[in-house]
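# Summary of the model geometry
This is what each chain is made of:
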Amino acid sequence: MNDLIVTAENFSFSYGGCKDFALQSLSFSLSRGEALGVIGPSKAGKTTLCLALSGILQRFFKSGHAEGRLSVGGLEVHPQNFDHLVAITGTLLESPFLQISGIKLTVFEEVALTLQHMGIGRSEIASRVENVLAALKIEHLSQRSPLELSGGETKKLALASALVKDPELLVLDQPFSQLDPIGVQRLKTILKRFVSRGKALVIMENEPEHVLALDRVLALETGITLAYGSPDKVLGDTRLIERGFGVPLWIELAYLVKLRAQKNVTHLPTRYGESLAFLRDVRKFWRRRKE
Amino acid sequence: MRLHPATSLVIAVSAICESLLLDAQGNTVLALTLLAFLLVRPNARIMLRRFAVHLGAVIFFIFLLNSLIYPESGSSLMGSVGFLRKDGIQFAWHISARLLVLIFSQIFFFTSADPHLLAEWAMRRDFGQSLGYVFLFAISLLQLLRHKLEAVTQAQQSRGLKVEGNVFVRTRAFLPIIAPLVFSYLKESINRSIGLSLKGFGSKSSYTPLAVEEPQPLHEKFIAMLVISGFLFSLALKVLR
């Protein structure tokens, strides 16, 4: 069995009526059991990539223009393969409220809707929905109306709808926004378990801190790849700070200290421990100099 | 007690079709019969109370306008104007009774069967997923708009707009909100269809209904047959006359 689940080769996309490409010559791959983080400021193309991976872009934005190759689960992302894509991918959009169908009376029914469309048996639907609600700790919302939830609860509901399918590939657009710190940690644990079961994960994030623990990171800027590789390689790239990517504070601090010490800084320590050790060394150095 | 969706649908649709065949007296009897059915149901009573004032106002204006102006064939505009014109009142009575049958049948339909079960019942019979969703979405639309309206109102209130007070103040506050609200909702429809597609809507896989389908009880089948027969009898009488 081929382990590759996503392959992008020079993939570009421009929306209809737009001269500029929203995504330009993207090349990356993702295997089963791997997690990819996509970071970048606003208008970097994260949402467009999320829509492309779930097949939405090619189905709903037909006036757009695509170049290169993008395949998911061994099949080209194409409107004809949309059913296959929906079956193997779980997607969380940036605005979870728009993922609520508006036709179901309870949270339980809303989560079950995805499985109903997949033709899964009634008893299995019930057990899978109960399990996913319990995993996200929202089982107490089971009989509440989806329209009466808070922002964070709506996000968890949309996540539950994506996870309940037990997809091969999970594509999440800013999954940690609107969640409280406990919710963020709980979701990270769920996602870690998901990947350890041989599934693939793509997370689009505004805050690079959330992608530090992933296998690979793709940094985008206006649809172009700025850096791609391991989190240490990408987040340690000084261009990210210079272009306002909002890297964690300890990396930025290390950058400022290094910048004062030497002019040509190209790479920084990315792990908290590493940065702390680095800053301790700097302090020792300054103390020695004073003495 | 809830009726089977099929029974509810047959009764409501037959009543609406029947009202098109009947005269003023017939429509009045039909409206009163439906009203009697509605009054014994608590949820229907709530809905009736909600509509009563608006319905009363509409019927009042139908009577008022038709009793003052009723154009006869060949008469001039001035010749149509009068005071408490008998033919105008007769026409208003017919129209009002028909309107009441239409409204009461719909209230009966929405309160006697669970609309969600009805949609699933329709989907099971291959009426198409889209039809079921359009039906359910139409029911949920008001609720969705109400939520959005609350959010917009709160946002406007935080900007200092006066949204509470007498009817005049509230109307003045809501009028500029309504149009953008509806338009933004229409704009969101593409995103909502994306959301539904991600949930597999429109896929070729078979749809699994959540509720176990209850067969239509025998007595309800009998009632439905009786209602259909009644309608066919009226239709035959109308054609033969």
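Computed from a predicted structure; not experimentally measured.

## Looking at the overall build of chain B
- Along chain B, the regular secondary structure elements total nine helices and zero strands.
- Helices (α) and strands (β) of chain B occur, in sequence order from the N terminus, as α-α-α-α-α-α-α-α-α.
- When burial is assessed residue by residue, chain B has 21% of its 241 residues classed as buried.
- For chain B, long-range pairs separated by at least 24 residues make up 72% of all intrachain contacts whose partners lie at least 6 apart in sequence.

## Structural notes on the overall build of chain A
- Along its length, chain A carries 11 helices and 10 strands.
- Relative to its length of 291 residues, chain A is compact, with a C-alpha radius of gyration of 21 Å against a globular reference of 19 Å.
- C-alpha extents for chain A along the principal axes are approximately 75 × 45 × 40 Å.
- Sequence separation of 24 or more characterises 64% of the internal contacts of chain A that already satisfy a separation of 6 or more.

## Overview of the interface of chain A and chain B
- Listed per partner, the contact involves 29 residues of chain A and 27 residues of chain B.
- Listing elements by their share of the side of chain A that touches chain B, those giving two or more residues are α2 (56–60), α3 (82–88), α4 (107–117) and α5 (122–135) of chain A.
- Broken down by element, the side of chain A that touches chain B gets its largest block of residues, six residues, from α4 of chain A.

## Here's the deal with the nonpolar core
All names here are of chain A.
- V38, A52, V111 and A160 are the most contacted members of the largest nonpolar core, which totals 82 residues.
- When we break this core down by domain, the ones giving at least three residues each are domain 1 (4–230) and domain 2 (248–291).
- With near-sequence residues (within four places) excluded, V111 lies in contact with V129, V132, L133, L157, A160, S161 and V164.

## Describing the domain arrangement of chain A
- Partitioning chain A into structural domains gives domain 1 (4–230) and domain 2 (248–291).
- Between the C-alpha centres of domain 1 of chain A and domain 2 of chain A there is a distance of 37 Å.

## Some points on the pairing of strand β6 (residues 89–92) of chain A
Residue and element names in this part refer to chain A.
- Taking every second residue as pointing to the same face, both faces of β6 are buried, with T89 and T91 on one and G90 and L92 on the other.
- Direction of pairing for β6 relative to strand β7 (residues 169–173): parallel, over a ladder of four bridges. Looking across to β7, one finds that T89 is bridged to L169.

## Some words on unusual backbone geometry
Residues and elements named next belong to chain A.
- Here the phi dihedral of N10 falls at roughly 50 degrees; this positive angle occurs in a residue that is not glycine.
- Take N10: it is sitting in strand β1 (residues 4–14).
- You can call N10 exposed: it has 12 C-beta atoms within 10 Å.

## Digging into the packing of α4 of chain A against helix α6 (residues 151–163) of chain A
All names here are of chain A.
- Taken N-terminus to C-terminus, the directions of α4 and α6 make an angle of 35 degrees; their axes are 8 Å apart at the nearest point. As α4 runs across α6, the sense of the crossing is right-handed. Two secondary-structure elements touch here, α4 through V107, E110, V111 and T114 and α6 through L157, A160 and S161.

## Structural notes on the packing of helix α1 (residues 5–21) of chain B against helix α2 (residues 24–39) of chain B
All names here are of chain B.
- Contact geometry for α1 and α2: axes closest at 9 Å, N-to-C directions at 160 degrees. Between α1 and α2, the crossing angle belongs to the class labelled roughly antiparallel. Of the two elements, α1 crosses α2, and the hand of that crossing is left-handed. For the pair formed by α1 and α2, the contact residues are A15, E18 and S19 on the first element and N27, L30 and L34 on the second.
- Tallied by class, residues from the contact of α1 with α2 come to three nonpolar, two polar and one charged.

## A few points about α5 of chain A
Residue and element names in this part refer to chain A.
- Here α5 spans 20 Å end to end across 14 residues, near enough to the 20 Å set by a 1.5 Å rise per residue.
- Listing the buried residues of α5 in full gives I125, V129, V132 and L133. Buried residues in α5, looked at end-on, bunch into an arc of 100 degrees, giving them a common side. Those residues of α5 that are exposed and aimed more than 90 degrees away from the buried face are S123, E124, S127 and A134.
- Tucked into the core, α5 has its buried residues touching α4 and α6.
- Looking one or two residues past α5, K137 carries a phi angle of roughly 60 degrees, positive in sign.

## Observations concerning helix α1 (residues 46–53) of chain A
Residue and element names in this part refer to chain A.
- For α1, a buried count of seven out of eight residues is recorded, marking the element as mostly surrounded by other parts of the structure.
- Burial in α1 covers these residues: K46, T48, L49, C50, L51, A52 and L53.
- In the stretch just after α1, G55 is the one whose phi turns positive, near 85 degrees.

The rules behind the values
Sequence order sets the numbering: in each chain, residues are counted from 1 along the sequence as written. Chain letters start at A and ligand numbers start at 1, both assigned in the order the entries are written. It should be noted that, the model being predicted, local features are given only for residues of pLDDT at least 70 and side-chain atom pairs only at 80 or more, the latter also being counted only at that level, while totals for whole chains, interfaces and linings use all residues. Secondary structure follows DSSP: runs of H or I at least 4 residues long count as helices, runs of E at least 2 residues long count as strands, and numbering of each begins at the N terminus. Remark: C-beta atoms are placed from the backbone, and a residue is labelled buried if 20 or more other C-beta atoms sit within 10 Å of its own, exposed if 12 or fewer do, or partly exposed between those counts. Here contacts are defined at the residue level, using C-beta atoms placed from the backbone and a cut-off of 7 Å between them. This radius of gyration counts C-alpha atoms alone. The globule rule is 2.2 Å times how many residues there are, raised to the power 0.38. By convention the nonpolar core is taken to be a set of buried residues drawn from Ala, Val, Leu, Ile, Met, Phe, Trp, Tyr and Cys and joined through C-beta atoms within 7 Å. Domain start and stop positions are those given by an automatic or database domain assignment. Two strands qualify as a pair provided that DSSP identifies no fewer than 2 bridges between them. Fitted lines through C-alpha atoms give the axes, limited to the stretch in contact for helices. The angle between two N-to-C directions lies from 0 to 180 degrees. Left-handed describes a crossing in which the near helix is turned anticlockwise from the far one by less than a right angle; the clockwise case is right-handed. Here the word oblique covers every angle except those under 35 degrees (roughly parallel), over 145 (roughly antiparallel) and from 65 to 115 (roughly perpendicular). We call Asp, Glu, Lys and Arg charged. Ala, Val, Leu, Ile, Met, Phe, Trp, Tyr, Cys and Pro are nonpolar, and the rest, Gly among them, are polar. Helix span, expected: 1.5 Å multiplied by one less than the number of residues in the helix. The arc under discussion is defined with respect to the helix axis, by the directions toward the C-beta atoms.

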